[in-house]
Amino acid sequence: MPPTDQDPTAALHLRVDRGSPVPLYHQLAQQLEAAVTGGDLAPGTLLGNEIGLARRLGLSRPTVRQAIQSLVDAGLLVRRRGVGTQVLHAPLRRPLELSSLHDDLEAAGLRPTTRVLRCVTETASPETAAALQLAEGSEVVHLERLRLSHGEPLARLTNHLPAGLLGLDPGRLAAGGLYGLLREAGITLHSARQSVGARAATAEEAELLGEAPGAPLLTMRRLSRDHTGRAVELGSHVYRATRHSFDFQLLARR
């Protein structure tokens, strides 16, 4: 069957080796994954139907469906009712260093945008006051934001900062990242204590992030300090597990 303009996979020169011990669906999934991560299938691209792809490769439709589903599960493709199967942006691989999601997205060319959900000054909870080394009853700025890339929600960010640390308003927060505003105010972040975990999404988080209730989320809690050792920011964030990974560099113990 000759390639058609309607199916971008027709130009990928996909091949399967029936003599290989690697399952056929996995061979196909690996080639499609390489096309997505390598840019041959750009974000937003609509794949052709499974029947045409199966016919070109001489595979059964269930085999092709299994290959595509594995990439859906990995967060590289999404099935949209009434639209078809669409390529997503590759998951963001973030180094574990003192940087912000906004900065990491910009560095990867992923055009971050922000929706401010909350920006208020309130009395700190005992736990927040203790973490920020504030007196009980001190005021803090409570921020909640939804971070998106190319219109796709990626993370819900919750931060607490000592009141009066810097001027904040929803407009400035929507236009850039919190760490950028700290830098503009002359506040240099020097170190942070961070923990990464995972849990199930609440109904509210699932709705904001476009996930099913109970879907796995990555969690990150970070307490950042400036060059004087002062605690300046307490962050508690949740990320879509299919859209993020954290990279570690490990050294052998001597």
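Residue positions are given per chain, counting from 1 as you read along its sequence in written order. Local features are withheld for residues below a pLDDT of 70 in this predicted model, meaning they are given only at 70 or higher, and side-chain atom pairs are given and counted only at 80 or more; totals for whole chains, interfaces and linings count all residues. The side-chain numbers reported here are obtained from all heavy atoms of the structure, hydrogens and water having been left aside.

Okay, the packing of helix H2 (residues 50-57) against helix H3 (residues 61-73) next. Each axis is a line fitted through C-alpha atoms, and for a helix only the stretch in contact is used; angles between axes span 0 to 180 degrees, taken between their N-to-C directions. Here a helix means four or more residues in a row that DSSP labels H or I, a strand means two or more in a row labelled E, and each is numbered from the N terminus. At a minimum axis distance of 9 Å, the contact between H2 and H3 shows a crossing angle of 115 degrees. Taken together, the axes of H2 and H3 are roughly perpendicular relative to one another. Here H2 runs over H3; the crossing is right-handed. Residues Glu 50, Ile 51, Leu 53 and Ala 54 of H2 lie in contact with H3, whose contacting residues are Arg 61, Val 64, Arg 65 and Ile 68. Taken together, the residues of the contact of H2 with H3 sort by class into five nonpolar, no polar and three charged. Any angle that is under 35 degrees is reported as roughly parallel, and any over 145 degrees as roughly antiparallel; angles of 65 to 115 degrees are reported as roughly perpendicular and all others as oblique. Here a crossing is taken to be left-handed if its near helix is turned anticlockwise relative to the far helix by less than a right angle, and right-handed if that turn runs clockwise. Here a residue-residue contact requires only that any non-hydrogen atoms of the pair lie within 4.5 Å. Residues are sorted three ways: Asp, Glu, Lys and Arg are charged, Ala, Val, Leu, Ile, Met, Phe, Trp, Tyr, Cys and Pro are nonpolar, and all the rest, Gly among them, are polar.

H3 packs onto helix H1 (residues 24-37) with a crossing angle of 45 degrees between their chain directions and a minimal axis gap of 8 Å. Here H1 lies oblique to H3, going by the angle between them. Note on packing geometry: the crossing formed by H1 with H3 is right-handed. Here Leu 24, Tyr 25, Leu 28, Ala 29, Leu 32 and Glu 33 of H1 come into contact with H3, specifically with Thr 63, Val 64, Gln 66, Ala 67, Ile 68, Ser 70 and Leu 71.

With that settled, the discussion passes to the side chain of Asn 159. Here Asn 159 is to be found in strand S6 (residues 152-162). Two N or O atoms form a polar contact when they lie within 3.5 Å of each other; inside protein one atom must be a possible hydrogen donor and the other a possible acceptor, and for residues adjacent in sequence the pair counts only when both atoms belong to side chains. One polar contact links Asn 159 to Glu 233, side chain to side chain, over a distance of 2.6 Å. Look past the residues within four positions of Asn 159 in its chain and what remains in contact with it is Val 141, His 142, Leu 143, Arg 145, Leu 178, Glu 233, Leu 234, Gly 235 and His 237.

Let's shift gears to H1. Here a helix's expected span is defined as the number of its residues, less one, multiplied by 1.5 Å. The end-to-end C-alpha distance of H1, which contains 14 residues, comes to 20 Å, matching closely the 20 Å that a straight helix rising 1.5 Å per residue would cover. For H1, the full list of buried residues reads Gln 27, Leu 28, Ala 29, Leu 32, Ala 35 and Val 36. Following H1 by one or two positions, Gly 39 has its phi on the positive side, about 90 degrees. The rule is simple: take the accessible area with a 1.4 Å probe, protein chains only, and divide by the maximum for that residue type; under 20% is buried, over 50% is exposed, in between is partly exposed.

Moving on to the pattern of salt bridges. For side chains of opposite charge, pairing can occur when their charged atoms come near one another. Here, a salt bridge means any side-chain nitrogen of Lys or Arg that lies within 4 Å of a carboxyl oxygen of Asp or Glu. Taken as a whole and judged by the stated rule, the model has 13 salt bridges. Ionic pairing is found between Arg 61 and Glu 50, a salt bridge with its closest N-O pair at 3.5 Å. With Arg 61 in helix H3 and Glu 50 in helix H2, the pair connects residues that are 11 residues apart, well separated along the chain. The partner of Glu 205 in a salt bridge is Arg 199, and the shortest N-O contact between them spans 2.7 Å. Among the ionic contacts, a cluster of salt bridges with common partners joins Arg 118, Glu 122, Glu 144, Arg 156 and Glu 204.

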